[in-house]
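As a plain string of letters, each chain reads:
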Amino acid sequence: MTNHWADIANADVILSMGGNSAEAHPVGFRWVMRAKERSNAILISIDPRFNRTTAVADHHAWLRTGTDIVFLGGLINYLIENDRYAHDYVREYTDARLIVAEGFGFEEGLFTGYDPASKTYDRQTWNFELDENGFARSDPSLQHPRCVFQLMRQHYSRYTLEQVENICGMPREKAVELWELIAQTAAPDKTMTILYALGWTQHSIGSQIIRCGAMVQLLLGNMGMPGGGVNALRGHSNIQGLTDIGLLSNLLPGYLNLPSANLQTYADYMRTRIKQPLVEGEVSYWKFYERFFVSLMKDWYGDVATAENDWCYDWLPKLSVPIYDILYAINDMTLGKMTGAFCQGFNILAAFPNKAKVFDGLSKLKYFVIMDPLKVETGEFWRNFGEYHDVDPSQIGTEVFRLPTTCFAEDDGSITNSSRWLQWHDKSAPGPGESMTDTEILGEVMLRLKRMYQEEGGAFPDPILNLTWNYKVPNYPTAEELAKEYNGRALTDLTDDTGQVVRRKGELLKDFSELRADGSTACGCWIYSGAWTEQGNMMARRDNSDPYDTGNTIGWAWAWPMNRRVLYNRASARPDGTPWAPNKAFIWWDGERWTGADVPDFPLTSPPSEGVRPFIITQSGGGHFFAAEWLNEGPFPEHYEPMESPIDRNPMSPNNPQAFNNPIVRVFEQDRDSFGSNKDFPYAATTYRLTEHFHYWTTHARLNSIAQPEKFIEIGELLANELGISAGDRVKVTSKRGYITAVAVVTKRLIPLEIDGRTVHQIGIPIHWGFKGVARKAHLTNTLTPFVGDGNTQTPEFKSFLVNVEKFGGTV
Ligand SMILES: Nc1nc2c(c(=O)[nH]1)N[C@H]1C(S)=C(S)[C@@H](COP(=O)(O)OP(=O)(O)OC[C@H]3O[C@@H](n4cnc5c(=O)[nH]c(N)nc54)[C@H](O)[C@@H]3O)O[C@H]1N2
Ligand SMILES: Nc1nc2c(c(=O)[nH]1)N[C@H]1C(S)=C(S)[C@@H](COP(=O)(O)OP(=O)(O)OC[C@H]3O[C@@H](n4cnc5c(=O)[nH]c(N)nc54)[C@H](O)[C@@H]3O)O[C@H]1N2
Ligand SMILES: [Mo]
């Protein structure tokens, strides 16, 4: 989230799109209800299904799954052409004025630089025009034909009302009605928040959908504002923490990048990571990359990491593919390229797409270790469960080890929630039986690995043998020790410019402003610096006073970065430092310093007259409409059809087959034939969760299983009639990859949509239930889903694929 849960109560309009917050985040949803009670906030729900959020929404629209960019692109067009955007904000706080270099273009669904053979872009033309000092040229009047604003305007002029109706299946009157409500928040005294989750991320164009939402918020001046922002409602309680500390395979802690194979030297790596300002005088915070990186390597390798050996840069793995994600790993397993795997708190057989392929991969491993408190499907993949998992164990050679872990409540530590708040909790009880905590197991694994390398040598022992491991109990690092490590400490006395000692050797750092690139600080995760300082454990703070009545309780727990609750909050004030509107006052200049309800996202005593812009992390200091560098599909989000589409062309670029699906999508050779066509599989399907279950593990709990005992699918009344299906009938749902059976729930919550000249029915399939646990046994939903990921993150396309539905056997 750029903002946070309690801040939702400050919104005037709440756009719930690509998420079902009432269902999947029922506790946090109280802040939505608070906004409605407090200021009659308007809740808009846009979803392929009428869902539990819709049930309490003021406005609702159906749309076809995978088409959000068309709705949002249409909205951008509407805001610009009807002059309903936040003029001053856009001019002062975004990149709208920057001029894009000649040579950049877009035609028939593709940006310049596309290479169909490699399915990649050469991004050379996606750049700003630079002046003699290397700064981007700009036109504050926003009139230059190649300024970002005009290019954006031109790009989205194609996103007409007709296209919205044609592609999303949303009646044009409905779209305009919603756009009008949203446009009202361009006023300085009104804000809209966007709440999204998997309905946006789990598509082959997921990252671009989210970016498009961010562009809408910039146009409306809703970024950095109370009640504004782009807010990802994260999933597992600590999944925000997982990405923060770099557990994705292409990241290092604090969103530093694992180097790619073309960056063999430290100098090359730094050259690509250190970002100098693109506009004179701006901050461009990534220019400090080296401080974060060197401090990380000092944390890992201590005295061994020196400037002379490039801080042990050579020991880091280098990625030979753009992203080595889970799909990639599974694919490697199926090719026999992987010997063994550890699976920690992850029910991969149930959770990842194309179950048959995941099963094939696991079956080809030599060994497989699962760390889980429960006996879940994944650890039992080799057993036969009859009709729901029909396998022959004698054909599977994988040796499986199950290491029973405790559950999250049986260990101390911090959990980082969607708000970026690190909240400390104490262990509630010891784990049962032989269970051990994850840290204890991993600690033990690490010590044994080290011992093996010591005793037997090995191909590349250095990174393991030299890893700092000075915990009090070596096979059980405590949560406190780890937290202090993430926070960072001084390795020598640190002095300021005048020679004054500001931090003694060995002391914990105050925050990441104290990090150095010369090896005198160590820090395990720079964005977490400030969480456990010499003042103590900031995450355990429980002061919920709220002096400005904004919900911004900065004495409660600790938020990254710097305990800041709303990112880019400098943008909540005008360029002169006064609030945009009295009712939205948040951070302002009091003549000497920035003050207000939050920790300013800005140099504290840097006066407005100095003109540094609010988005201090970006190279231009502004929010970016034009993303030249970060995303693979191009600088402006463009609509492409899901990999399995119910229509035969992309109406946005009907004459170019290369732009039918995401042009840079990665499909493994082995999966080329695993996609179905709408002739065989005519219905668009989407998958989702229910409040009563948490993924696959609450099917092991009796009460949850009583509340939702059995696998079902949702099917609209009209289609059910057509297919002769009544409520309660068993149905068979088939995709190119397999079939499941389930009970039919016939509903008014799904309706047929008119898309590009044909009628498209959508089917809803909850993800819970499998062949383990106490609930009724079932096929896993992911038997059906396609093995393809988003073009940037490789998040699987769980939300849009094709199926057929038939009546099957008897009635329940
Ligand atoms: N009770 C409970 N709560 C949970 C979980 C759980 O299993 N049970 N899981 C947690 C986890 S890990 C996560 S990640 C979150 C997920 O939270 P959500 O993303 O809110 O959950 P989902 O139900 O997967 O999907 C949300 C909605 O997206 C809609 N949708 C599908 N395709 C599209 C589309 O193309 N456009 C739009 N606009 N909407 C679309 C679906 O119809 C569905 O209503 O929930 C968390 N909370
Ligand atoms: N079709 C479809 N598929 C989906 C999705 C979808 O929307 N549609 N959503 C995707 C998403 S967003 C997610 S997050 C995944 C969820 O997929 P998973 O994360 O694999 O699902 P969970 O059942 O939550 O698995 C977590 C496991 O962790 C175990 N566990 C609990 N506490 C601990 C602990 O302290 N230590 C260890 N080691 N284990 C513990 C639980 O027993 C459980 O088995 O599913 C994904 N798959
Ligand atoms: Mo998730």
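Only a predicted model underlies this, so the values are computations on that prediction, with no experimental measurement involved. (Residues numbered from 1 in each chain as written. Chains lettered and ligands numbered in written order. Predicted model: local features only at pLDDT ≥ 70, side-chain atom pairs only at ≥ 80, totals over all residues. Heavy atoms only, no water.)

(A) How the structure looks around the pattern of salt bridges. For the structure shown, the criterion picks out 43 salt bridges. Residue Glu129 pairs with Arg146 through a salt bridge whose shortest N-O separation is 2.9 Å. Here Glu129 is found in the loop between strand 7 (120–121) and helix 5 (148–156), whereas its partner Arg146 is found in the loop between strand 7 and helix 5, with 17 residues between them in sequence. Take Glu129: its relative accessible area is 22%, and that puts it in the partly exposed class. In this structure Arg146 comes out as partly exposed when scored by relative accessible area, which is 22%. Across the pair Glu507 and Arg503 runs a salt bridge, and its minimum N-O distance is 3.1 Å. Given a relative accessible area of 14%, Arg503 falls into the buried group. What you see here is one network of salt bridges that share partners, running through Asp88, Arg91, Glu92 and Arg97. (Salt bridge = Lys/Arg side-chain N within 4 Å of Asp/Glu carboxyl O. Helix = DSSP H or I, 4+ residues; strand = E, 2+ residues; numbered from the N terminus. Buried < 20%, exposed > 50% of the residue type's maximum accessible area, 1.4 Å probe, protein only.)

(B) The sheet that holds strand 15 (residues 413–416), seen in detail. Taking strand neighbours across the sheet as the criterion, the three strands line up as 15-16-23 in an open arrangement whose pairing is antiparallel. The sheet terminates laterally at strand 15 and strand 23 (558–559), the two strands that pair on one side only. In terms of strand pairing, strand 15 meets strand 16 (residues 421–425) through four bridges, oriented antiparallel. Of the residues in strand 16, the one forming a bridge with Thr416 is Leu422. (Pairing = 2+ DSSP bridges.)

(C) Structural context of the site of ligand 2. Among the 29 residues in the neighbourhood of ligand 2, the closest are listed as Asn347, Ala351, Asp372, His695 and Asn782. Between Arg689 and ligand 2, the recorded distance is 3.0 Å, taken from a side-chain N or O atom to a nitrogen atom. In the model, an oxygen atom of ligand 2 is placed 3.3 Å from a nitrogen or oxygen of the Tyr696 main chain. Considering ligand 2 on its own, with 910 Å² of exposed area, one finds that the protein chains cover 89% of that surface. Tallied by class, the residues present in the shell around ligand 2 amount to 14 nonpolar, 11 polar and four charged. (Near = heavy atom within 4 Å. Polar contact = N/O pair within 3.5 Å; in protein donor to acceptor, adjacent residues only side chain to side chain. Areas by Shrake-Rupley, 256 points an atom, 1.4 Å probe, with all protein chains shown as cover. Nonpolar A, V, L, I, M, F, W, Y, C, P; charged D, E, K, R; others polar.)

(D) Unusual backbone geometry, seen in detail. In this model, Trp560 is joined to Pro561 through a cis peptide bond whose omega is -10°. Considering the arrangement of structural elements, one finds Pro561 in the loop between strand 23 and strand 24 (587–589). In this model, Met562 sits at a positive phi of 60°, which is unusual for a non-glycine residue. In this structure, Gln794 is a non-glycine residue whose phi angle is positive, near 65°. Note on placement: Gln794 falls in the loop between strand 32 (762–766) and strand 33 (801–811).

(E) Summary view of the nonpolar core. Within the largest apolar cluster, 85 residues are counted, with the highest numbers of intra-cluster contacts made by Phe149, Met152 and Leu219. In terms of residue count, the dominant contributor to this core is helix 3 (residues 68–81) (nine residues). The residues contacting Met152, other than those within four sequence positions of it, are Ile76, Ile80, Met215, Leu219, Phe625 and Phe636. The next biggest cluster of nonpolar side chains, apart from the first, holds 56 residues, and it includes Leu319, Trp558, Trp594 and Ala597. (Core = buried A, V, L, I, M, F, W, Y, C linked by side-chain atoms within 4.5 Å. Contact = heavy atoms within 4.5 Å.)

(F) Structural detail: the site of ligand 1. As a matter of local geometry, ligand 1 sits amid 32 residues, with Ala24, Asp47, Gly66, Arg689 and His693 nearest to it. A distance of 3.1 Å is found between a nitrogen atom of ligand 1 and a backbone nitrogen or oxygen belonging to Gly18. In this structure, an oxygen atom belonging to ligand 1 sits 3.3 Å away from a side-chain N or O atom of Asn51. Protein chains bury 96% of the 920 Å² of accessible surface belonging to ligand 1 in isolation. Within the residue set of the shell around ligand 1, elements represented by two or more residues are helix 1 (21–24), helix 8 (198–201) and strand 26 (683–688). Across the shell around ligand 1, the residue classes break down as 10 nonpolar, 16 polar and six charged.

(G) Layout of the packing of helix 3 against helix 7 (residues 172–183). Here helix 3 crosses helix 7 at 60°, and the two axes come no closer than 10 Å. The angle between helix 3 and helix 7 places the two elements in the oblique class. Once helix 3 is placed against helix 7, the crossing between them reads as right-handed. Two secondary-structure elements touch here, helix 3 through Phe71, Gly74, Leu75, Tyr78 and Leu79 and helix 7 through Ala175, Val176, Leu178, Trp179, Glu180, Ile182 and Ala183. (Axes fitted to C-alpha atoms, helices over the stretch in contact; angles between N-to-C directions. Parallel < 35°, antiparallel > 145°, perpendicular 65-115°, else oblique. Left-handed = near helix turned anticlockwise from the far one by under 90°.)

(H) Molecular detail of the side chain of Arg565. Considering the arrangement of structural elements, one finds Arg565 in the loop between strand 23 and strand 24. Here Thr553 takes part through its backbone oxygen, which lies 3.4 Å from a polar atom of the side chain of Arg565. Only 3.5 Å separates the side chain of Arg565 from the backbone oxygen of Ala557, close enough to count as a polar contact.

(I) A look at the UniProt feature "domain: Molybdopterin oxidoreductase" (unreviewed entry) in the protein. Residues given the UniProt feature "domain: Molybdopterin oxidoreductase" (unreviewed entry) here are residues 2–372. Helix makes up 35% of residues 2–372 and strand makes up 12%, while its end C-alpha atoms are separated by 32 Å. (UniProt positions renumbered as here; feature names shortened; annotations may be inferred.)

(J) Expanded view of the UniProt feature "domain: Molybdopterin dinucleotide-binding" (unreviewed entry) in the protein. When the UniProt feature table is mapped to this numbering, "domain: Molybdopterin dinucleotide-binding" (unreviewed entry) covers residues 685–801. A helix fraction of 11% and a strand fraction of 32% characterise residues 685–801, whose end C-alpha atoms lie 5 Å from each other.

(K) Structural detail: the packing of helix 6 (residues 161–168) against helix 7. With their axes 9 Å apart at the nearest point, helix 6 and helix 7 run at an angle of 115° to one another. Between helix 6 and helix 7, the crossing angle belongs to the class labelled roughly perpendicular. When the axes of helix 6 and helix 7 are compared, the crossing they make is right-handed. Taking contact as the criterion, the partners of Leu161, Glu162, Val164 and Glu165 in helix 6 are, on helix 7, Arg172, Ala175, Val176 and Trp179. Of the residues contributing to the contact of helix 6 with helix 7, the split by class is five nonpolar, no polar and three charged.

(L) Region of interest: a nonpolar patch on the surface. Taken together, Phe342, Tyr367 and Phe401 make up a surface patch of nonpolar side chains, about 280 Å² in accessible area. Of note, Phe342 is situated in strand 12 (residues 340–344). (Patch = residues over 30% accessible without salt bridge, like charges linked within 9 Å, V, L, I, M, F, W, Y side chains within 5 Å.)

(M) Seen up close, helix 2 (residues 30–39). For helix 2, every residue scored as buried is listed here: Trp31, Val32, Ala35 and Lys36. Across the axial projection of helix 2, the buried residues extend over an arc of 150°, all falling on one side. Residues of helix 2 that are buried in the fold lie against strand 1 (13–17), strand 2 (42–46) and strand 8 (192–196). (Arc of directions from axis to C-beta.)

(N) Inspection of the pairing of strand 13 (residues 367–371) at higher detail. Along strand 13, four of the five residues are buried, which leaves the element largely enclosed by surrounding structure. Relative to strand 13, strand 12 runs parallel, the two sharing five bridges. Considered in strand 13, the bridge of Phe342 is made with Val369. Judged from the five bridges that link them, strand 13 and strand 14 (residues 399–403) form a sheet pairing that is parallel.

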